[in-house]
Structures are given as C-alpha cells and as structure tokens.
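A look at the structure
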Amino acid sequence: MCQEKFSSNPKGYFITATGTDVGKTFVTALLVKKWRDSGIDAGYYKAALSGAEFRDGKWVAGDADYVKRIANLPDTQEQLVSYVYKEAVSPHLAARKEGNPVELAKVKADFEAACARHEFIFAEGSGGIICPIRYDVGAVSSGDKSQKIFLEDIIKTVNLPILVVTTAALGSINACVLTVEYARSRGLDIRGLIVNRYGSSGNLEMEDDNIRMMQDLTGLEILAKIKDGDLDLGVPPF
C-alpha cells in the first residue's frame, strides 16, 4: 500500500466532495499537476467511473482523461480507472444495467499497481461521500452472496486520508459539515478542505463567512481556494 494507516506523512490522498459536480476532477487535476511540477512523481487512480464519453469509436473515461492531459500522465486509461461504465448514473446502477460490478480485490490490486508506478497517488472518488458503488439485488436470506459496496469501502481499501472538495456558495456549510461528520462517523481520516469556484457567486462577503463557518464547525484547515479557470493550485504541495 502507499502508506500505513493514518500516517502523518501520507503517500497519497483520496479526493471526495460535498456532492456531484462540485469539481473533484478539476481540483484533482490541479493537485496532480502541482505535485508533478514540484518534482514529485504523482499519479492518479479512480475505482469506478460512470458517464464515459464516446470519442473516435471508443469509450473514454472523461475524468481520468482530463487529469491525464492536465497533469501530463503517462498511464493508460486501464491503469487509471478500474471500472468504466457508459451511463451517467450512480456506479451501482450503471453496473447493474451494464454488468461488471466492482470487486474490492481488483480495486486493491489496481491501486497497489498505481503505487508501484508512482511516488504519490491521488485517488478520486465517485459522487459524494455516500455514493453506492455496488448494490446487488438479491435474497440474502436464501443464501445469495449479495454485495453492498459504498465509497467508504473504497476509501478503506486504498487506505488514504481524505481531502474534501467543497464550494463556498449558499448551502455549502450544511453540505460540508454533513460530509465531514459522516466520514468521521465511519472512522475515516480527513486532512482538510479545498474550496473550489471561489468567488463564483459574486458575493465574497458570504463566501468568506461560509469558509470561516466551515472551518469552525469542522475544525479543518482550508488547504487551498481555487477559482474557475485557475491553471495552478496556488499553494505548494502539502
């Protein structure tokens, strides 16, 4: 594995967010790029991606492809993502409709292979912190070996501390605090918050106050504030 459990010097981070479309992939790309630009051989890994894009006659894992281009990664799509689904729905539903459900053994093996290729790994989650990754439908009482896998199981499998991507928009306090409290209730280690789309609301007084409230209510540090269109993380590796 890339690190011992909850090490003070992790060899990677797991990127989750307060919800879908908060900008995990954009932020993750800037993180990988910053580490690589700073001389650290950082890589990327994602267990399950739904909503693949059809380009030039093949299905492309858009999130991974974006990070690969921005951070100039040498890895193939197969090395970056373990499970790619076509339909833009929760991975558990996409897998149920398309087949090839997530197996934690493959996630662990693929992640460890990524660790062997790179010095530092950013693992990107799917959706928000409570994202069903696999949810078999079956009669457990009849002996069916149904599996229920959530994002927290992926995080525990790769054994990395979490960075939470949030915005500072209206409603962000609630979404951020609930995300952090849920993760903590599952025994997950959260290292800090990254604010994405800072200033996009046009009300900096509100956003700055939301940021202070998120810090106070979670006890977590704001590690970076990123604006739309930023080409750099804006802070050194942490």
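Keep in mind that this is a model prediction, so the values were computed, not measured. (Residues numbered from 1 in each chain as written. Predicted model: local features only at pLDDT ≥ 70, side-chain atom pairs only at ≥ 80, totals over all residues. Heavy atoms only, no water.)

What follows concerns the state of the cysteines. Across all of its chains, the model carries zero disulfides by this definition. Here Cys131 is not disulfide-linked; the sulfur of Cys176 is the nearest cysteine sulfur, at 18 Å. Note on Cys176: relative accessible area 0%, which makes it buried. (Disulfide = S-S within 2.5 Å. Buried < 20%, exposed > 50% of the residue type's maximum accessible area, 1.4 Å probe, protein only.)

Take the packing of aromatic side chains next. This model, assessed by the stated rule, comprises ten aromatic pairs. The interplanar angle of 85° and the centroid separation of 5.0 Å between the aromatic rings of Trp35 and Phe122 together place this pair among those described as edge-to-face. Remark: Phe122 occurs in strand β6 (residues 120-124) and Trp35 occurs in helix α1 (residues 24-37); sequence separation between them is 87 residues. The residues Trp35 and Phe122 share a single accessibility class, namely buried. The interplanar angle of 90° and the centroid separation of 5.1 Å between the aromatic rings of Trp35 and Phe238 together place this pair among those described as edge-to-face. With Trp35 in helix α1 and Phe238 in the segment after β11 (222-225), this pair connects stretches of sequence that are 203 residues apart. For Phe238, a relative accessible area of 28% gives the class partly exposed. Of note, Lys225 hangs over the ring of Tyr198, and the distance from its end group to the ring centre comes to 4.6 Å. (Phe/Tyr/Trp six-rings, centres within 6.5 Å; stacked < 30°, edge-to-face > 60°. Helix = DSSP H or I, 4+ residues; strand = E, 2+ residues; numbered from the N terminus. Lys NZ or Arg CZ within 6 Å of the ring centre and 35° of its normal.)

To continue, consider helix α5 (residues 104-117). Under the 1.5 Å per step criterion, the end-to-end length of α5 is 20 Å for 14 residues, consistent within 8% with the ideal 20 Å. Those residues of α5 that are buried lie in contact with β2 (42-50), β5 (81-85), β6 and α6 (151-158). (Expected span 1.5 Å × (residues − 1). Contact = heavy atoms within 4.5 Å.)

We now examine the nonpolar core. Core analysis: the largest hydrophobic core is formed by 40 residues, its most contacted members being Phe14, Tyr45, Val102, Val107, Ile133, Ile154 and Leu193. Counting 31 residues, the second-largest nonpolar core is a separate cluster that includes Ile15, Leu30, Leu31 and Tyr44. (Core = buried A, V, L, I, M, F, W, Y, C linked by side-chain atoms within 4.5 Å.)

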